[in-house]
Amino acid sequence: MAAGFSPPGRRNSEFDPMPTKTDQRTLSVSLILALSSLPLCAQDAKKNEDLFHRPSITALRVAEAPVLDGRMDDAAWRQAQVAGPLRQEQPDEGAPATERTEFRVVYTSEALYIGLWCFDREPEKILSRLMARDSPIPKDDAIAIALDTFLDRRNGYWFMINPNGAQGDALITNNTDINDDWDGVWSVAARIDSEGWKAEVELPFKSISFNPESEVWGLNISRHIRRKQEWDRWSRPLLDFNTYQVSEAGYLRGLRGIEQGLGSELPPYASPKFRDERELGDTDLLMDIGGDLRYRIAPNLSLSVSYNTDFAETEIDRPQINLTRFKIRYPEKRDFFLQDAGIFNFGRNSGGRRRGPGRSSTAAEPIPFFSRTVGLTPDRHPRPILGAAKLTGRIGEYNIGLLDAFVDDHNDLPGSNVFAGRISRNILEQSSIGIIATHGDPDSNNEDFLVGADLGLRTSDFLDGQVLQANLWLLNSWSENEESGGDPPPEAGDDDNSLSFGGNIELPNDLYSANLQFFQVGEDFDPALAFVRRESVRAYLSEFSYKPRPRDFYDIRQLFFSYSNSFYTDLDDELETASHSLYPLYIYTNDGDRLWSRVSYENDSPTNDFEVSKDEGISIPAGDYWWPSYKIGIDTSSKRLVEFELSYELGGYYDGYLSSWQTEISVRPSKYFSIRADYELQSISLPQGDFKERLASIKTRFSLTPQLNWTNLLQYYSDGDQLGFQSRVHWEYRPGSNMYLVLNQGIDRNEGRLRWTESDLTFKIGLSLRF
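Because the structure is predicted, anything quoted here is derived from the model rather than measured.

A. Broad picture of the nonpolar core. Ranked by internal contacts, the top residues of the largest apolar core, which has 36 residues, are F103, L112, L116, I145, W217 and L252. Membership of the second largest hydrophobic core comes to 28 residues, among which are F344, I385, A530 and V532.

B. How the structure looks around the packing of aromatic side chains. Tallied over the entire structure, the rule returns 31 aromatic pairs. On the numbers, 5.5 Å between centres and 50° between planes, the contact of Y157 with W182 is tilted. Of the two residues, Y157 sits in strand β8 (residues 156–161) while W182 sits in the loop between β10 (177–179) and β11 (187–193), which places them 25 residues apart along the sequence. For Y157, a relative accessible area of 10% gives the class buried.

C. Structural detail: the side chain of D177. By the element assignment, D177 lies in strand β10. Polar contacts involving the side chain of D177 include one to the side chain of N345, which spans 3.1 Å.

D. Fine view of the sheet that holds strand β5 (residues 101–107). Taking strand neighbours across the sheet as the criterion, the 5 strands line up as β3-β5-β6-β12-β11 in an open arrangement whose pairing is mixed. At either margin of the open sheet sits one strand with a lone partner, and together these are β3 (60–61) and β11. Here β5 pairs with strand β6 (residues 111–119) via 7 bridges, running antiparallel. When the sheet's bridge partners are listed, E102 is paired in β6 with W117.

E. Local environment of the environment of P735. Among the secondary structure elements, P735 is positioned in the loop between β41 (722–734) and β42 (737–750). Looking at P735, the relative accessible area reads 44%, which means it is partly exposed. Residues P735 and S187 lie 548 residues apart in sequence; the distance between their C-alpha atoms is 7.2 Å. When near neighbours in sequence (up to four residues on either side) are disregarded, P735 contacts V185 and S187.

F. Seen up close, unusual backbone geometry. Cis geometry marks the peptide bond from G84 to P85, where omega comes out at 0°. Along the chain, P85 turns up in the loop between α2 (75–79) and β4 (87–90). Omega for the bond connecting Q90 with P91 falls within 30 degrees of zero, at 15°, which places this linkage in the cis form. Relative to the helices and strands, P91 is located in the loop between β4 and β5. Positive phi, close to 55°, is recorded for S536, a residue that is not glycine. Counting through the fold element by element, S536 comes out in the loop between β27 (512–521) and β28 (537–546).

G. Structural detail: the pattern of salt bridges. Evaluation of the coordinates by the stated rule reveals 37 salt bridges. Taking the shortest distance from any N to any O, the salt bridge between K198 and D193 comes out at 2.6 Å. D193 gets classed as partly exposed once you look at its relative accessible area, which sits at 25%. Ionic pairing is found between K327 and D526, a salt bridge with its closest N-O pair at 3.9 Å. Separated by 199 residues along the polypeptide, K327 in the loop between β19 (301–309) and α3 (335–338) and D526 in the loop between β27 and β28 bring together distant segments of the chain. With a relative accessible area of 36%, D526 lands in the partly exposed category.

H. Region of interest: the pairing of β19. Where strand β18 (residues 282–298) lies against β19, 7 bridges are found, and the strand directions are antiparallel. From the neighbouring strand, R296 faces β19, where its bridge partner is S302. Examined bridge by bridge, β19 and strand β20 (residues 385–395) share 8 bridges and lie antiparallel to one another. What sits directly across from Y307, in β20, is G387.

I. Representation of a nonpolar patch on the surface in the model. Side chains of L266, L293, Y295, I297, L303 and V305 sit close together on the surface and give an oily, nonpolar patch of about 460 Å² of accessible area. Only β18 and β19 provide two or more residues apiece to the nonpolar patch. Examined against the element boundaries, L303 turns out to sit in strand β19. A residue is classified by how much of its surface remains accessible, and L303, at 30% relative accessible area, is partly exposed.

J. Summary view of the environment of L681. Of note, L681 is situated in strand β38 (residues 673–686). Its relative accessible area of 15% is what places L681 among the buried residues. For the pair L681 and Q662, spaced 19 residues apart in the sequence, the C-alpha separation amounts to 6.5 Å. The contacts of L681, once residues within four sequence positions are left out, are S659, S660, W661, K692, E693 and R694.

K. Local environment of the pairing of strand β12 (residues 196–204). Here β12 lies mainly inside the structure; 8 of its 9 residues are buried. Both β6 and β12 contribute to a ladder of 9 bridges, which runs antiparallel. Counted as the bridge partner of L112 is L203 from β12. Relative to β12, β11 runs antiparallel, the two being bridged by 7 bridges. Note that in β12 the partner of S187 across the bridge is E202. What sits between β11 and β12 in their antiparallel hairpin is a turn of 2 residues.

Rules used throughout
All residue numbers refer to positions counted from 1 along the written sequence of the respective chain. Only residues with pLDDT of at least 70 are given local features in this predicted model, and only at 80 or more are side-chain atom pairs given and counted; all residues enter the totals for whole chains, interfaces and linings. Side-chain metrics rest on all non-hydrogen atoms present in the structure, leaving aside hydrogens and water. Nonpolar cores are built from buried Ala, Val, Leu, Ile, Met, Phe, Trp, Tyr and Cys residues. Side-chain atoms within 4.5 Å join them into one set. Only protein chains enter the accessibility calculation, which uses a 1.4 Å probe; a residue whose area is less than 20% of its type maximum is buried, one above 50% is exposed, and one in between is partly exposed. Aromatic pairing here means that ring centres of Phe, Tyr or Trp (its six-membered ring) are within 6.5 Å. Orientation follows from the plane angle: under 30 degrees is stacked, over 60 is edge-to-face, and everything else is tilted. Under the scheme used here, helices are H or I runs from DSSP no shorter than 4 residues and strands are E runs no shorter than 2 residues, and both carry numbers assigned from the N terminus. Each polar contact in these results corresponds to two N or O atoms within 3.5 Å; when the atoms are within protein, one needs to be able to donate a hydrogen and the other to accept it, and residues that are neighboring in sequence are counted only if both atoms are side-chain atoms. Two strands are said to pair when DSSP picks up at least two bridges between them. The contact rule is simple, with two residues in contact once any of their heavy atoms fall within 4.5 Å. The term salt bridge refers to a side-chain nitrogen of Lys or Arg lying within 4 Å of a carboxyl oxygen of Asp or Glu. Without a salt bridge and with relative accessible area above 30%, a residue can belong to a patch; like charges are then joined within 9 Å and nonpolar side chains (Val, Leu, Ile, Met, Phe, Trp, Tyr) within 5 Å. All accessibility values rest on the Shrake-Rupley procedure with a 1.4 Å probe; residue burial counts only the protein chains present in the view.

As structure tokens, this is what we get:
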């Protein structure tokens, strides 16, 4: 036991780690005085009116498209309008960029071309260690492009590139949701030269949705100079906004006579598979044939039809350690469900991406449509989808998402049809109101219904240009069971045991942020197509952060002081769980390193015993528990050759103790090779016994070109001594057409020996035919 560390325990324990009210007041006064003495940067001054200006550029129509080679010597570029300059978003908001950036835009009837000149007086210091598509491109020098093709100031496309020609892309929904699993069909060529680095982007009009009658789009460009931790932006370079928030974009003018074609895309595939199940002594050679048809019904409305939907190329899940009595959620990784996934979002605004401390995603509200319930068994094994259809897009002010799928029978699970529908309408400048409905149970033939409505409000003009957003939502469900005898759903108002509702109000700004949230989940609310972490609960949550940016203060870029809490009660208002978390120190340096500490105080009051270690047969008895925990961590900047994250936690765990190590190391010696290793150890000591949980993984990536990559992933989880290996070759042999070779290997570890279990080797080739 560490010196001076008192044991945690039940509520009536003599140990009370919470400070007295006098101590809290003294601490608050001292903190305010200390912060007031810091020399703050320009974020505290009145913002220059020029920062709110929306610049514009006129695209030049050309008869001959530029050749994509990164040389920028085509006649088209010499004739086009030069746009710029970019100004700093950070570290010095609104100041001239330290390195000059220019861009130009030309187009033909079939594609849009953006040329980028990223001048650099020290080109040998440009960071470009990544080359694979969908790499974490902001770890390098990079350019980001945001396009609002309907000029609705809400939705759009986001493209990122680096000096190696690595590509990243995403769909933007309501300025808050970034679906970076979307893969568009576009091309880029980039190169480093004596002036800096240059890039040419070709964006076919068939790859995006737009209004052909409009000549004006929204456009924003930002540049990341990694070694300086500098972000520059063309339109509205303000710390309270991000480049992907198209509400702040400038204008791209002059687009006339552009064509989307017939709006059809047909990517058929063939996939031979070899499967060896050694435990059963069974081997199979299988052949799957299928494909998707995507047809653009209207400029921004698409129908996707899939036959024999295949996900063989999907990366395997990373295991998670769960030391709670509640469900955990795994992310969706399958392309068919990720395409246009933002339209199905419901409830609280995601708030976009944040830097610094924040609440864990486990505090999330129910997700009324969770696509992983379709085509995956409850224990996360693939399940055949015979066919699926999806209608997504926007008509005028309406956003539409309809999905219908037929899941084939699998082992003891019967085949079933499932449906999800989401319609919302844009109101005001950045707000919306909508409804959602789901039907069907993929694990049975029982009837299962969900209906709901939500209201999302957002403005970026609160208190002189800051963001304020709020949300209200309501859900209800009905599920057939043996007692109901298959009767139809009750009329509205007959039974409110499934009624669930909630809301929040949030200020997600740079200098300060705050969030207040409440929701209630009904006793019988558990729809088959939803993810519900906790049922029969009321939740009260709040979060407050102050994030000053000192100027010339010990090489510190930004400080974070954050406090959050949560209180969960049952529907009779009896406390079930609670938490208080304080970040007394969180430092973000000018080099991009982070040093942080966290103090937490947790409560759980289970009414029944629950198991926390299957291997050791250890359970937590019913009771009322309070315990503290203390955590410190350091994350080094991704600009370094060797990047690592390390954290250590020490504290209580119910009526025992917990110590935890988490580390991740990434090495990127060149653009052709990278390796990442991570390890997590949870050591638990309880009166009932001691146990440990471990997670480990190693991932390597070889990138021969931006389009040809080979990744290998080895994972280990101590629960059941599970090992898994995946080797995956991906070649995009032409834009939009992909080839995969994937090996999945299961491994058991018993009595110190490794035993090969199920093997699965898949070759998949797809061809994108566009009309």
